[in-house]
Amino acid sequence: MTTFPERVFSGMQPTHSLHLGNYLGAMVNWVKMQDTHDCIYCVVDMHAITVWQEPEELTRNIRELTAAYLAGGVDPERSVIFNQSAVPAHAELAWVFNCIARMGWLNRMTQFKEKAGKDRENASTGLFVYPNLMAADILVYRATHVPVGEDQKQHLELARDIAAKFNNDFAGSIAAHGHGEAFFPLPEPFITGPATRVMSLRDGTKKMSKSDASDFSRINMTDDADAIAQKFRKARTDPEPLPSEVEGLAARPEADNLVGIFAALKGSSKQAVLAEYGGRGFAEFKPALAELAVERLSPIAAEMRRLLADPAEIDALLARGAERANAIAAPIMDEVKDVVGLLRPKR
Ligand code: AQP
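Residues numbered from 1 in each chain as written. Predicted model: local features only at pLDDT ≥ 70, side-chain atom pairs only at ≥ 80, totals over all residues. Heavy atoms only, no water.

Observations concerning empty space enclosed by the protein
Scanning all chains against the criterion turns up 2 cavities of 30 Å³ or more. Taken as a whole, the largest cavity holds about 70 Å³ of empty space. Residue lining of the largest cavity: 14 residues in total, with His-16, Ser-17, Leu-18, Glu-64 and Leu-65 positioned closest to the centre. The biggest single contributor to the lining of the largest cavity is helix α3 (residues 55-72), with 4 residues. (1 Å grid on protein atoms, 1.4 Å probe; cavity = no way out; pocket = protein on both sides within 12 Å on 5 of 7 lines; lining within 4 Å. Points joined across faces, edges and corners; volume = space filled by probe spheres on them. Helix = DSSP H or I, 4+ residues; strand = E, 2+ residues; numbered from the N terminus.)

Written out as structure tokens, the structure is:
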């Protein structure tokens, strides 16, 4: 079996502002993984344009998301930070994968169904093939681990299917070019923590999302203390006090969500939160949750504001990151072309 050195890749879309779900579901793990892995973190701007983006707003959002990565603890010295469109190999490999993935595979993607809604005929073709680009994002670095929220699990499975089919379809050519049995690793999702699926504050059965029409459904990373307190105060809950055991949260999605958020913000577990708050009502729990959220999020928002005051510095950092990313991706893309049989000028 071919073995691949461990490498982490993940990304977020520069659409609207980052929310607590993005932060707790993914970014908290990104930051931790820097201690143990070689990490590449991307602002996936080409994914963003699968739905309409106002050009000026998109540029602003790319910088804002970069600032959020930095303020959230992603270290540009240890990790590679860049925006996807600045490294051409992503789009090149995505095209190869468009020719590997099957229509039936993409037809099963629930996120496309959710995002396209009833007006499927009017969705962009980019939105349909989005998972192929995501597979390319990961595999163009031969990344082995992908820290994401639970909603991305199906896309990761598709990335593994694409990698396996590529390895299988081109097995002879892969061996002939000296790559052994497998050209791509099968990337593993890394989905862990008490908040892998943060739910809407208005509806405990819907995930917290940037594109939800109601701003009260989410905590934005840039919300101030008043907004955070008000949103938690208005968060939908049931009238019962909190249970003392995790099992007691089973049929209570809103309570489960708030306890999970508290645990993730505190870096503890749902059981530890219930050990402290079991038997108490939401009138007591919600203000404690708001206080904890403000304590964790306000330094990040302040650092984002500081960084955004100097957009040229953010642009320079992204340019340096793109150079580092390109130095890894371009040679792998050359090898892909050789394996597939696409003639290319020799470097
Ligand atoms: N509610 C969530 N709980 C936990 N993790 C979440 N993620 C997103 N929502 C939650 C994780 O955040 C990362 C970045 O996601 P993205 O920017 O690629 O977009 P998304 O998954 O489509 O997020 P949104 O907020 O739902 O955006 P819109 O509304 O624009 O589609 C991923 O790791 C994701 O799992």
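Focus on the layout of surface pockets
Of the pockets and cavities examined, the largest pocket occupies roughly 1200 Å³. Taken together, 49 residues line the largest pocket, and the ones lying closest to its centre are Gln-111, Lys-115, Asp-151, Gln-152 and Lys-207. At the level of secondary structure, the elements contributing two or more residues to the lining of the largest pocket comprise β1 (7-12), α1 (20-33), α3, α6 (110-116), α7 (125-139), β4 (145-147) and α8 (153-169). Counting residues per element, the lining of the largest pocket draws most heavily on α1, at 5 residues. Residue composition of the lining of the largest pocket, grouped by class: 15 nonpolar, 23 polar and 11 charged. (Nonpolar A, V, L, I, M, F, W, Y, C, P; charged D, E, K, R; others polar.)

A short note on the nonpolar core
Leu-20, Leu-24, Tyr-69, Phe-232, Ile-261 and Phe-285 are the most contacted members of the largest nonpolar core, which totals 62 residues. A total of 12 residues in this core trace back to one element, the largest contributor, which is helix α13 (residues 282-308). Here this core gathers at least three residues from each of two domains, domain 1 (7-196 + 311-340) and domain 2 (215-306). Look past the residues within four positions of Phe-285 in its chain and what remains in contact with it is Leu-242, Leu-258, Val-259, Phe-262, Val-273 and Tyr-277. Membership of the second largest hydrophobic core comes to 49 residues, among which are Leu-106, Met-109, Leu-127 and Ala-143. (Core = buried A, V, L, I, M, F, W, Y, C linked by side-chain atoms within 4.5 Å. Buried < 20%, exposed > 50% of the residue type's maximum accessible area, 1.4 Å probe, protein only. Domains from an automatic or database assignment. Contact = heavy atoms within 4.5 Å.)

As for the side chain of Asp-334
By secondary structure assignment, the location of Asp-334 is in helix α14 (residues 311-340). Sequence-distant contacts of Asp-334, defined by excluding residues within four places in its chain, comprise Arg-344 and Arg-347.

As for α1
Taking 1.5 Å of rise per residue, the 14 residues of α1 would be expected to cover 20 Å, and the 19 Å separating its terminal C-alpha atoms lies within 8% of that figure. Ala-26 marks the point of greatest bend in α1, at about 40°. Where burial is concerned, most of α1 is hidden: 12 out of the 14 residues are buried. For α1, the full list of buried residues reads Leu-20, Gly-21, Asn-22, Tyr-23, Leu-24, Gly-25, Ala-26, Met-27, Val-28, Asn-29, Trp-30 and Met-33. (Expected span 1.5 Å × (residues − 1). Bend = angle between axes of the 7 residues up to and from the residue.)

Digging into the site of the ligand
The environment of the ligand is formed by 21 residues, the closest being Lys-115, Asp-151, Ser-209, Lys-210 and Ser-211. In this structure, an oxygen atom belonging to the ligand sits 2.9 Å away from a main-chain N or O atom of Gln-13. Between the ligand and the protein, one listed contact pairs a nitrogen atom with a backbone N or O atom of Met-208 at 2.9 Å. Starting from 640 Å² of accessible surface for the ligand in isolation, the protein chains cover 97%. Among the cavities detected, the one that contains the ligand is the largest pocket. Looking at side-chain class alone, the shell around the ligand contains 5 nonpolar, 11 polar and 5 charged residues. (Near = heavy atom within 4 Å. Polar contact = N/O pair within 3.5 Å; in protein donor to acceptor, adjacent residues only side chain to side chain. Areas by Shrake-Rupley, 256 points an atom, 1.4 Å probe, with all protein chains shown as cover. Sits in = over half its atoms within 2 Å of the grid points.)

Let's talk about the packing of helix α4 (residues 89-98) against α7
At their nearest, the axes of α4 and α7 sit 8 Å apart, and the two run at 125° to each other. Here α4 lies oblique to α7, going by the angle between them. Classified by chirality, the crossing of α7 by α4 is right-handed. Taking contact as the criterion, the partners of His-90, Leu-93, Ala-94, Phe-97 and Asn-98 in α4 are, on α7, Val-129, Asn-132, Leu-133, Ala-135, Ala-136, Asp-137 and Leu-139. Class assignment for the residues of the contact of α4 with α7 results in 8 nonpolar, 3 polar and 1 charged. (Axes fitted to C-alpha atoms, helices over the stretch in contact; angles between N-to-C directions. Parallel < 35°, antiparallel > 145°, perpendicular 65-115°, else oblique. Left-handed = near helix turned anticlockwise from the far one by under 90°.)

Things to note about the domain arrangement of the protein
Each assigned domain of the protein is listed with its residue range as follows: domain 1 (7-196 + 311-340) and domain 2 (215-306). Taking the mean C-alpha position of each, domain 1 and domain 2 sit 30 Å from one another. Taken residue by residue, the interface counts 14 residues in domain 1 and 18 residues in domain 2. Both faces considered, domain 1 and domain 2 share a buried interface measuring about 1300 Å² in area, 76% of it formed by carbon and sulfur atoms. (Buried area = accessible area lost by both parts, 1.4 Å probe.)

Considering the packing of aromatic side chains
Evaluation of the coordinates by the stated rule reveals 14 aromatic pairs. Judged by centre distance (4.8 Å) and plane angle (45°), the ring pair of Phe-166 and Phe-170 falls under tilted. Following the ring pairs from residue to residue traces out a cluster consisting of Phe-97, Phe-166, Phe-170, Phe-183 and Phe-184. Against the face of Phe-183 rests Arg-142, its NZ or CZ located 4.3 Å from the ring centre. Positioned above the aromatic ring of Phe-216 is the side chain of Lys-234, whose terminal nitrogen or guanidinium carbon lies 5.8 Å from the ring centre. (Phe/Tyr/Trp six-rings, centres within 6.5 Å; stacked < 30°, edge-to-face > 60°. Lys NZ or Arg CZ within 6 Å of the ring centre and 35° of its normal.)

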